[in-house]
Amino acid sequence: MTLLLALALSGCTSKTIADYSDTKPELALEQFFEGELTAYGIVLDRSGNLTRRFEADLIGTWRGNKGELKEWFRFDDGEKSTRVWQLEKTADNRYKGTAGDVIGVAQGETAGSALYWRYQLEIQYQGKPLEVTLDDWMYLVNEKRLFNRTEIIKWGFKVGEVILIIEKHDT
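Residues numbered from 1 in each chain as written. Predicted model: local features only at pLDDT ≥ 70, side-chain atom pairs only at ≥ 80, totals over all residues. Heavy atoms only, no water.

Enquirer: Describe the side chain of Thr110, naming the residues involved and giving the relevant values.
Expert: Note on placement: Thr110 falls in strand β6 (residues 102-111). Owing to a relative accessible area of 4%, Thr110 belongs among the buried residues under this scheme. Those residues within four positions of Thr110 in sequence are excluded, and the remaining contacts are Ile17, Leu27, Asn93, Tyr95 and Leu115. (Helix = DSSP H or I, 4+ residues; strand = E, 2+ residues; numbered from the N terminus. Buried < 20%, exposed > 50% of the residue type's maximum accessible area, 1.4 Å probe, protein only. Contact = heavy atoms within 4.5 Å.)

Here you go:
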């Protein structure tokens, strides 16, 4: 009985960035997000139903510990949007970022092949602005591909999810 209880409780623990410290290849934002990239993704509602598909072109540039990541999104319903991130490597494995629709500053940390970001974002929902929290995990698959899974949270509850793959163009 004790073993069953321990197994049940271990399934309830949440992952931390430190869980990925021994994974390879190692993710450095200033290396992966340098140059031209393309993203392909989907948006799911809180029940896991597909609501949208999108593609995005990205261009990243870095000078020292500061970077800029421009993103141009095209959604399957015809919507287009742009986001420009201002990124900074603040310490080993630590990053911060700002963008026009990000409320405050996104704080991120890498370990091994993973990055964890958590930040506030203003989105449009039914024609009105809505502030949500993004619980954002990125995993470097190889030097050319990165997998991204983001939970969209409102009032402490998951209300949606974004899943995408980002591919780095050959230089």
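Enquirer: Residue-level account of the side chain of Glu71, with values.
Expert: Tracing the backbone shows Glu71 in strand β3 (residues 66-75). Exposure remark for Glu71: the relative accessible area of 9% places this residue in the buried category. There is a polar contact of 3.4 Å between the side chain of Glu71 and the side chain of Trp85. Every residue in contact with Glu71, bar those within four places of it in the chain, is listed here: Asp57, Leu58, Ser81, Thr82, Arg83 and Trp85. (Polar contact = N/O pair within 3.5 Å; in protein donor to acceptor, adjacent residues only side chain to side chain.)

Enquirer: Got a sec to walk through the pattern of salt bridges? Specific residues and values, please.
Expert: Scanning all chains against the criterion turns up 16 salt bridges. Here Lys70 ties to Glu68 by a salt bridge, and the two come within 3.8 Å at their closest N and O atoms. With relative accessibility at 25%, the residue Glu68 sits in the partly exposed group. Here Lys96 ties to Glu88 by a salt bridge, and the two come within 3.8 Å at their closest N and O atoms. With a relative accessible area of 33%, Lys96 lands in the partly exposed category. Each member of the salt-bridge network shares a partner with another, and the members are Arg52, Asp77 and Glu79. (Salt bridge = Lys/Arg side-chain N within 4 Å of Asp/Glu carboxyl O.)

Enquirer: Please give an account of a nonpolar patch on the surface that cites residues and values.
Expert: A grouping of Trp155, Phe157 and Val159 is seen on the molecular surface, where their side chains present a nonpolar patch of about 410 Å² in accessible area. When you line up the elements, Phe157 lands in strand β10 (residues 157-168). (Patch = residues over 30% accessible without salt bridge, like charges linked within 9 Å, V, L, I, M, F, W, Y side chains within 5 Å. Areas by Shrake-Rupley, 256 points an atom, 1.4 Å probe, with all protein chains shown as cover.)

Enquirer: An account of the sheet that holds strand β8 (residues 128-142) is needed here, citing residue identities and associated values.
Expert: One closed barrel holds the ten strands; their spatial order is β1-β2-β3-β4-β5-β6-β7-β8-β9-β10, and the pairing between them is antiparallel. Direction aside, neighbouring strands of the sheet carry axes that sit 25 degrees apart on average. (Pairing = 2+ DSSP bridges. Axes fitted to C-alpha atoms, helices over the stretch in contact; angles between N-to-C directions.)

Enquirer: Mind laying out unusual backbone geometry, listing which residues take part and the relevant values?
Expert: The amide bond that connects Lys24 to the next residue, Pro25, takes the cis arrangement and shows omega of -5 degrees. Its location among the elements puts Pro25 in the loop between α1 (2-10) and α2 (29-32). In the Ramachandran plot, Gln126 falls in the positive-phi region, its phi being about 50 degrees despite a non-glycine side chain. Of note, Gln126 is situated in the loop between β7 (114-125) and β8.

Enquirer: Tell me about the environment of Lys70, and please be specific about residues and values.
Expert: With respect to the helices and strands, Lys70 occurs in strand β3. Between the C-alpha atom of Lys70 and that of Tyr139, which follows or precedes it by 69 residues, the distance is 20 Å. When sequence neighbours within four positions are dropped, the list of residues in contact with Lys70 reads Asp57, Leu58, Ile59, Arg83 and Val84.

Enquirer: Break down the nonpolar core for me, citing the residues and quoting the values.
Expert: With 34 residues, the main nonpolar core has Phe33 and Trp117 as its most contacted residues. The residues contacting Trp117, other than those within four sequence positions of it, are Leu29, Leu87, Tyr95, Lys96, Gly97, Ala106, Gln107, Gly108, Leu134, Asp135, Asp136 and Met138. Core analysis: the second largest hydrophobic core is formed by six residues, Ile17, Ala111, Trp137 and Tyr139 among them. (Core = buried A, V, L, I, M, F, W, Y, C linked by side-chain atoms within 4.5 Å.)

Enquirer: Can you break down the pairing of β3 residue by residue, with the values?
Expert: Each regular strand shows side chains that alternate between the opposite faces of the sheet. Of the two faces of β3, the one holding Gly67, Leu69, Glu71, Phe73 and Phe75 is buried and the one holding Lys66, Glu68, Lys70, Trp72 and Arg74 is not buried anywhere. Relative to β3, strand β2 (residues 50-63) runs antiparallel, the two sharing ten bridges. Each residue of the ladder has a partner; that of Glu55, found in β3, is Arg74. With antiparallel pairing between neighbouring strands as the criterion, β2 and β3 make up a hairpin whose turn holds two residues, including Gly64 at a positive phi of roughly 65 degrees. Connecting β3 to the next strand, strand β4 (residues 80-91), in antiparallel fashion are four residues, including Gly78 with a positive phi near 100 degrees.

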